[in-house]
Amino acid sequence: MRILSGIQPSGKLHIGNYFGMMQPMVENMDRGELYAFIVNLHALTSVNDPQRLAADTMEAAADFLALGLDPEKCIFWVQSDVPEVTELAWILSTLTPMGLLERCHSYKDKVAKGIAANHGLFAYPVLMAADILLYQAELVPVGKDQKQHLEVARDIAIKFNNSFGETFVVPEPAISDSMATVPGLDGQKMSKSYGNTIGIFLDEKSLKKSVMSIVTDSAPVDAPKDPDKCNLYNIMKLFAPPERLKEIHELYVNGGAAYGYLKLELVDLLWEYFREARETREKLVDDPGFLREVLNKGAMKARDKAAGTLSLVRQRVGLIF
Ligand code: ADP
Ligand code: TRP
């Protein structure tokens with residue numbers, strides 16, 4: 001089984017990224033051939049500060065390794081180190097109907113939020129399709145918000161195969177229901193672009209500040225509350241051990257859930273949960289040479305795979321003569 005997923009280095013990674021994509025990828029390491037990469041070309045659609053993009057790319061790589069991705073057991077690289085992907089994206093774009101991209105929620109939501117649309121943002125799903133199809137990926141673990149982009153990749157693969165002969169594997173999404181959408185501080189989907197995140201590797205003070213700002217209702221402590229409607233509980237359940245979660249659930253249902261205390265408990269839970277990864281990450285960040293070497297090796301392996309597919313595609317569409 002060939003499993004592939006990418007993550008944008010467009011800001012600090014958060015617990016939504018962790019549960020939606022990074023943890024499933026780490027868990028999949030022994031299930032097949034794993035391809036994991038940092039999609040800096042995608043991030044260019046929203047980041048135009050070169051120093052920031054470069055720093056966030058290295059940080060995202062350190063985060064992923066610290067969280068358990070083993071470069072010996074997978075191919076791990078930075079998207080722009082494999083330029084073949086942009087050629088494939090162009091070829092795919094010539095058979096992508098405008099309507100398919102015009103319907104994409106992610107693009108429409110960003111435009112609705114007043115983010116100035118550029119062509120890269122509009123064509124984003126085509127580059128993502130190229131990412132997936134170039135490596136003939138079978139399974140793509142992502143959060144629920146990426147489901148439609150996966151459908152676009154499937155549509156493009158099917159259309160290409162029908163037009164030019166069997167070429168691409170048609171990929172399947174892997175979206176775990178329980179982790180499909182981690183809520184943010186305000187209860188909307190947690191997202192870097194909404195400024196409502198809890199970072200995975202915050203320092204203790206910033207972590208406390210984030211958690212204390214989780215939005216809760218103003219019901220008195222003794223009032224019974226519906227845990228499933230509470231943003232704090234929905235985040236808490238990702239970290240609390242099952243026994244403790246049961247107790248907290250009862251406090252909600254029977255009255256007695258004090259949000260302030262629960263938030264402090266959540267700070268401790270989060271701090272412990274990522275302790276080991278945080279320590280590993282500190283060492284990685286101190287050794288950029290090692291990180292660069294890991295990524296270079298990954299890029300070489302990825303390019304090797306990419307070259308095979310691209311050469312077939314070039315033949316199929318008539319670019320080899
Ligand atoms: P963001 O919305 O913060 O910019 P990305 O679009 O870079 O995040 O997403 C990277 C990966 O993390 C994707 O697979 C995405 O589905 C997943 N992801 C992002 N936010 C969440 C969330 N709140 N819950 C679950 N998965 C998420
Ligand atoms: N669009 C994805 C996101 O924002 C990132 C991404 C780019 C990706 N290329 C991919 C995810 C290929 C899976 C496969 O989260």
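Residues numbered from 1 in each chain as written. Chains lettered and ligands numbered in written order. Predicted model: local features only at pLDDT ≥ 70, side-chain atom pairs only at ≥ 80, totals over all residues. Heavy atoms only, no water.

1. Side note on the site of ligand 1
Inference 1: The local shell around ligand 1 holds 19 residues, among which His14, Gly143, Asp145, Val182 and Lys192 are the closest.
Inference 2: Separating an oxygen atom of ligand 1 from a side-chain N or O atom of Asp145 is a distance of 2.5 Å.
Inference 3: Here the shell around ligand 1 gets 4 residues from one element, more than from any other, and that element is helix α1 (residues 15–27).
Inference 4: Taken together, the residues of the shell around ligand 1 sort by class into 7 nonpolar, 9 polar and 3 charged. (Near = heavy atom within 4 Å. Polar contact = N/O pair within 3.5 Å; in protein donor to acceptor, adjacent residues only side chain to side chain. Helix = DSSP H or I, 4+ residues; strand = E, 2+ residues; numbered from the N terminus. Nonpolar A, V, L, I, M, F, W, Y, C, P; charged D, E, K, R; others polar.)

2. Re the site of ligand 2
Inference 1: The environment of ligand 2 is made up of 14 residues, and the closest members are Gln8, Tyr124, Met128, Asp131 and Gln146.
Inference 2: In the model, an oxygen atom of ligand 2 is placed 3.3 Å from a nitrogen or oxygen of the Gln8 side chain.
Inference 3: Contact with the protein chains hides 91% of the accessible area of ligand 2, taken as 360 Å² for the molecule alone.
Inference 4: Of all the secondary structure elements, the ones that give two or more residues to the shell around ligand 2 are β1 (2–7) and α7 (119–134).
Inference 5: In terms of residue count, α7 provides more of the shell around ligand 2 than any other element does, 4 residues in total.
Inference 6: When grouped by side-chain class, the residues that make up the shell around ligand 2 number 8 nonpolar, 5 polar and 1 charged. (Areas by Shrake-Rupley, 256 points an atom, 1.4 Å probe, with all protein chains shown as cover.)

3. Things to note about helix α3 (residues 50–66)
Inference 1: Over its 17 residues, α3 runs 24 Å from end to end, which matches the ideal 24 Å to within 8%, given 1.5 Å per residue.
Inference 2: All buried positions along α3 are accounted for by Leu53, Asp56, Thr57, Ala60, Ala61, Ala62, Asp63, Phe64, Leu65 and Ala66.
Inference 3: Its side-chain oxygen at 3.2 Å from the backbone nitrogen of Gln51, Asp49 defines the N-terminal cap of α3.
Inference 4: Remark: Gly68 follows α3 within two positions and exhibits a positive phi of approximately 120°. (Expected span 1.5 Å × (residues − 1). Buried < 20%, exposed > 50% of the residue type's maximum accessible area, 1.4 Å probe, protein only.)

Read these as layout, nothing more, since geometry by itself doesn't imply function.
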